[in-house]
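Each chain, written out:
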Amino acid sequence: MSLGYAEKLSYKEDVGTVGMPEIFDPPHLLDRKIEELAHMILKSKHLVAFTGAGISTSSGIPDFRGPKGIWTLQKEGKKVPDASLPFDRATPSLTHMALVQLERIGLLKLIISQNVDSLHLRSGIPRDKLSELHGNSFRELCSSCGTEYVRDFEIETIGLKNTSRRCSDLKCSAKLKDTVLDWEDALPDKEMDLAQKQCSAADLVLCLGTSLQITPACNFPFRCLKKGGKVVIVNLQDTPKDKKASLVIHGLVDKVMESVMRIMNQRIPPFIRIDYVCISISHSTKKKANVKWILRVASIHGQKAPLPFLKSVEVSFPSRPELKPAILQKQPFCLKRETVQRRPFMIVLTLNFSDGCGCLSSQIEYPLNFQVKKESIFHDKNEVLRELKDLAENESCCGQEMILERNVEARSETSIYAIVTNIVRYNNSNNNSKLILNGENEIDPTNNRLSDNNAKV
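Student: So what exactly am I meant to see when it comes to the sheet that holds strand β16 (residues 345-353) here?
Tutor: Backbone-to-backbone hydrogen bonds pair the strands of a sheet. The strands run either parallel or antiparallel. Here four strands make up an open sheet; going across it, the order is β14-β13-β16-β17 and the pairing antiparallel. Of all the strands in the sheet, the pair left with one neighbour each is β14 (326-328) and β17 (361-368). Strand-to-strand twist across the sheet, computed as the mean angle between neighbouring axes with direction ignored, equals 20 degrees. Bridge count for β16 against β17 is eight bridges, and the pairing is antiparallel. Within the sheet, the bridge partner assigned to T350 lies in β17 and is Q363.

Student: I keep staring at the state of the cysteines and nothing clicks. Help me out?
Tutor: The bond known as a disulfide is covalent and runs between the sulfur atoms of two cysteines. Taken as a whole and judged by the stated rule, the model has zero disulfides. Here C142 is not disulfide-linked; the sulfur of C172 is the nearest cysteine sulfur, at 3.5 Å.

Student: Please explain the pairing of strand β20 (residues 412-424) as it appears in this structure.
Tutor: Regular strands place their side chains on alternate faces of the sheet. Most of β20 sits out of view: 10 of its 13 residues are buried. By the bridge criterion, 12 bridges tie strand β11 (residues 271-284) to β20 in an arrangement that is antiparallel. Bridging across to β20, Y276 finds its partner in A418. As paired strands, strand β19 (residues 401-409) and β20 are joined by eight bridges and run antiparallel to one another. For M402, the partnering residue across the bridge sits in β20 and is A418. Here β19 hands over to β20 after two residues, the two strands then running antiparallel side by side.

Student: Just to check I follow, could you spell out helix α7 (residues 253-263) for this structure?
Tutor: Residue pairs three or four apart in sequence face the same way in an α-helix, which turns once every 3.6 residues. For α7, the full list of buried residues reads V253, D254, V256, M257, S259, V260 and M261. For α7, the secondary structure elements touched by its buried residues are α2 (27-43), α4 (94-104), β8 (204-208), β9 (230-234) and β10 (247-249). Following α7 by one or two positions, N265 adopts a phi angle in the positive range, close to 60 degrees.

Student: When you look at the nonpolar core in this model, what are you seeing that I'm missing?
Tutor: A general tendency of soluble globular proteins is for nonpolar side chains to be buried together. Judged by nonpolar contacts, the single largest core of 39 residues is most densely connected at L37, I41, L102, L206 and V234. Residue contributions to this core peak at seven residues, all from α2. Each residue touching I41, except ones within four places of it in the same chain, is listed here: L47, L102, L107, L204, L206, V260 and M264. Judged by nonpolar contacts, the second largest core, of 31 residues, contains F309, L310, F370 and I403.

Student: Would you mind going over unusual backbone geometry with me for this structure?
Tutor: Trans is the prevailing form of peptide bonds, just as negative phi is the prevailing case for residues other than glycine. In this structure, the amide linkage connecting T215 to the following residue, P216, adopts the cis form with an omega of 0 degrees. Inspection of the secondary structure puts P216 in the loop between β8 and β9. The amide bond that connects Q331 to the next residue, P332, takes the cis arrangement and shows omega of 0 degrees. Locating P332 in the fold gives a position in the loop between β14 and β15 (333-340). Unlike most non-glycine residues, S173 shows phi in positive territory, near 60 degrees.

Student: When you look at a negative patch on the surface in this model, what are you seeing that I'm missing?
Tutor: A surface patch of negative charge is lined by D380, E383, E387 and D390. For D380, a relative accessible area of 41% translates into the label partly exposed.

Student: I tried to follow helix α6 (residues 189-201) on my own but got confused; where do I start?
Tutor: For α6, with 13 residues, the first-to-last C-alpha span of 18 Å sits near the 18 Å given by 1.5 Å per residue. Burial in α6 covers these residues: E191, M192, A195, Q198 and C199. Projection of α6 onto a plane perpendicular to its axis shows the buried side chains occupying an angular sector of 140 degrees, all on one side. Structural note: α6 exposes D189, K190 and K197 on the side pointing more than 90 degrees away from its buried face. For α6, the elements touching its buried residues are β1 (47-51), β2 (108-113), β3 (130-132) and β5 (148-150).

Student: I tried to follow the environment of K161 on my own but got confused; where do I start?
Tutor: With respect to the element layout, K161 can be found in the loop between β5 and β6 (162-166). K161 gets classed as partly exposed once you look at its relative accessible area, which sits at 43%. For K161 and T179, which are 18 residues apart along the polypeptide, the C-alpha to C-alpha distance reads 8.1 Å. Those residues in contact with K161 that sit more than four places away from it in its chain are L176, K177 and D178.

Student: Mind showing me how you'd approach the confidence of the model for the protein here?
Tutor: Interpreting fine coordinate detail is not advised for predicted regions of low pLDDT. The share of residues in the protein with pLDDT of 70 or more is 85%, and the mean pLDDT across the chain is 89. This stretch, residues 442-448, has a pLDDT under 50; its non-local contacts, to residues over four places away or in other chains, come to 21 contacts. In the predicted structure, residues 451-457 sits below a pLDDT of 50 and forms 18 contacts with residues beyond four places in sequence or in another chain.

Student: I tried to follow the pairing of β8 on my own but got confused; where do I start?
Tutor: With respect to burial, β8 is a largely interior element, five of its five residues being buried. Here β8 shows no split at all, with L204, L206 and L208 on one side and V205 and C207 on the other all buried. Where β1 lies against β8, five bridges are found, and the strand directions are parallel. By the bridge assignment, T51 is partnered in β8 with L208. Judged from the five bridges that link them, β8 and β9 form a sheet pairing that is parallel.

Student: Is there a simple way to explain the environment of F24 in this structure?
Tutor: By secondary structure assignment, the location of F24 is in the loop between α1 (4-8) and α2. With residues near it in sequence (within four places) discarded, F24 still touches L236, H250 and L252.

Student: Would you mind showing me how to read the sheet that holds β5 here?
Tutor: Spatial ordering of the open sheet is given by β5-β4-β7-β6, a layout of four strands whose pairing is antiparallel. Two strands close off the open sheet at either side, each with one partner strand: β5 and β6. Neighbour-to-neighbour, the strand axes of the sheet open up by a mean angle of 35 degrees, direction not taken into account.

Conventions and cut-offs
Just so you know, the residues in each chain are numbered from 1, in the order the chain's sequence is written. Local features in this predicted model are restricted to residues whose pLDDT is 70 or higher, and side-chain atom pairs enter the listing and the counts only when it is 80 or higher, whereas totals over whole chains, interfaces and linings include all residues. As a convention, hydrogens and water are excluded, and side-chain values are obtained from all of the structure's heavy atoms. Strand pairing is assigned whenever DSSP identifies at least 2 bridges connecting the two strands. Helix and strand definitions here come from DSSP, where helices need a minimum of 4 consecutive H or I residues and strands a minimum of 2 consecutive E residues; each element is numbered from the N-terminal end. Geometry is summarised by axes, namely lines fitted to C-alpha atoms with helices restricted to the contacting stretch, and by angles between N-to-C directions that run from 0 to 180 degrees. Put simply, a disulfide is two cysteine sulfurs that come within 2.5 Å. Throughout, exposure labels follow a simple rule: accessible area from a 1.4 Å probe, protein chains only, divided by the maximum for the residue type, with under 20% read as buried, over 50% as exposed, and the rest as partly exposed. Note on definitions: a residue-residue contact is assigned when non-hydrogen atoms from the two residues lie within 4.5 Å. Residue types Ala, Val, Leu, Ile, Met, Phe, Trp, Tyr and Cys, when buried and joined through side-chain atoms within 4.5 Å, form a set referred to as a nonpolar core. Like charges within 9 Å and nonpolar side chains (Val, Leu, Ile, Met, Phe, Trp, Tyr) within 5 Å are joined into patches, using only residues over 30% in relative accessible area that form no salt bridge. All accessible-area figures derive from a Shrake-Rupley calculation using a 1.4 Å probe, and residue coverage is judged against the displayed protein chains alone. The term salt bridge refers to a pairing of a side-chain nitrogen on Lys or Arg with a carboxyl oxygen on Asp or Glu at a separation within 4 Å. The sign given to each residue is positive for Lys and Arg and negative for Asp and Glu; His and the chain ends receive no count. Just so you know, the charge point we use is NZ for Lys, CZ for Arg, CG for Asp and CD for Glu. Given a helix with a known number of residues, its expected span is that number minus one, times 1.5 Å. By arc we mean the arc of the directions from the helix axis to the C-beta atoms, nothing more. Each residue carries a pLDDT score, the predictor's own confidence in it, on a scale running from 0 to 100.

Following this line, the structure appears as C-alpha cells:
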C-alpha cells in the first residue's frame, strides 16, 4: 500500500501518543456491547459517523498510532513494511460498506472522515453525505470556480499545492490544487462547517477506528452532548475522550459492525468497482485507397494522466488475419496503422488489468468503417452504472463493460467505456430476526428503508 501521504507530510516531532497496546473486550462483554450499539443505532433519529484510520487497516492501509502503525514504527526506528497493493486499488472494508447500507436505509445522515484514502467515496457514499476533514489523496479542487475532480490515480502533492492539471471548464482553466492537508493547514471551511452542524444536530455519533487525538477534529463528535446526544467509540486502544462516551467498545471494528448489521437484519452490500477508459480513433486519408489511423487508449482525465488499472492492451483483428496484432505495454497506449479504406473490420481490445483487480482482463469489440460515419451517443451514466453493477452482482464476477458515450467528429471519434474491475462480497449472514424497539424505528427488510413503529415488542 502506498505510504506516500505519510512521507509527504512535513516533519513533526510530536505526533501524539503512539504504540498504545490493543485492548479486546471479553467475548461475553463484547456481545452485550454490540447488541446495545445495535439498539442505539436503530433508536437514533440523527446518526453521524466519525471515522479514522482504523476502519481502513483491513483494506491493507496501515494506521498511524497502533502497535504496527506508521508513526509507531518510525519512532521505534523500524522500517515501515513494503506495500502489498497499490493505493489506488485498495477496496473498502466491511465497515465502509456497512456505513453505505446505513446511509441507503436513511439512518446515517453524514460521515465525517479524517482519512485521505478516498474509500468512503469509492464505497458509494454520496459526496454530500461526506465531510473529508483532512482532504482526499484522489481529489483535486479548482480554487477559482470550486469544481472538484475525483481521480483514479493518487495526486502527486499534498499541502494544498498546485498540481500539473487545470480546470476543464474553458471559461475558467485555473490551476488545480490538491486537497490533502499538511500539519499546519487549517481545516477547510466547507467540510468543517458541515461536520460541526451535523454533530450539533446528532442524537448519536459513532466514532469508528479513531484515537481521537487530532485537534480540532477530535472535538466535533462531542458537540452532540449539548442537546442530550450520545457518543459511542469503537477502537482497539483507549482514547482521551473515552470518559465522555456513553459506550466504549474495544474490538475489531469490522467484527463489531458485521455483528451490528446482523442483529439489525441488514445485508452488507458488495463493493463493485467500476473504472473508465477512453478509446479514440483519429484518421486521415493518405491516398484514395488507404486510410492512415491512430488508436489511443487513455485515461478519461486526459492523455497524459495515468491509467493505473491497466497493465497492457492487446490489439487484434479477427476478421482481418492479414493485419498483424499488437501488444501495447507502455502508457500512453497508442497504435498507428494504415489499412484499405473500403474494407470495414473489427478491432478487439483485450485490456489486461493490473494487480488488485478482481479478474485478469476485459475485452472490448470496436468496429471500424471509414466509409460510414458513426452517430454520437450519450447514455445516462447512472443507468449504465446501475446496470453494470446488477450484472456483476448477478454473475458474481467482473470484467463487464458498457459504453457511456461516443463523440464523433469529422476525422475522429472518442468513446468512453465503463468497466467492472472488481467485486468484493462481505459475509454477514442474517439471522432472520427483526430488531424492533418500543415506540422507535423499525427496519423493514422488504424494502430496506426506515419506518416508524409504535408496536410493542
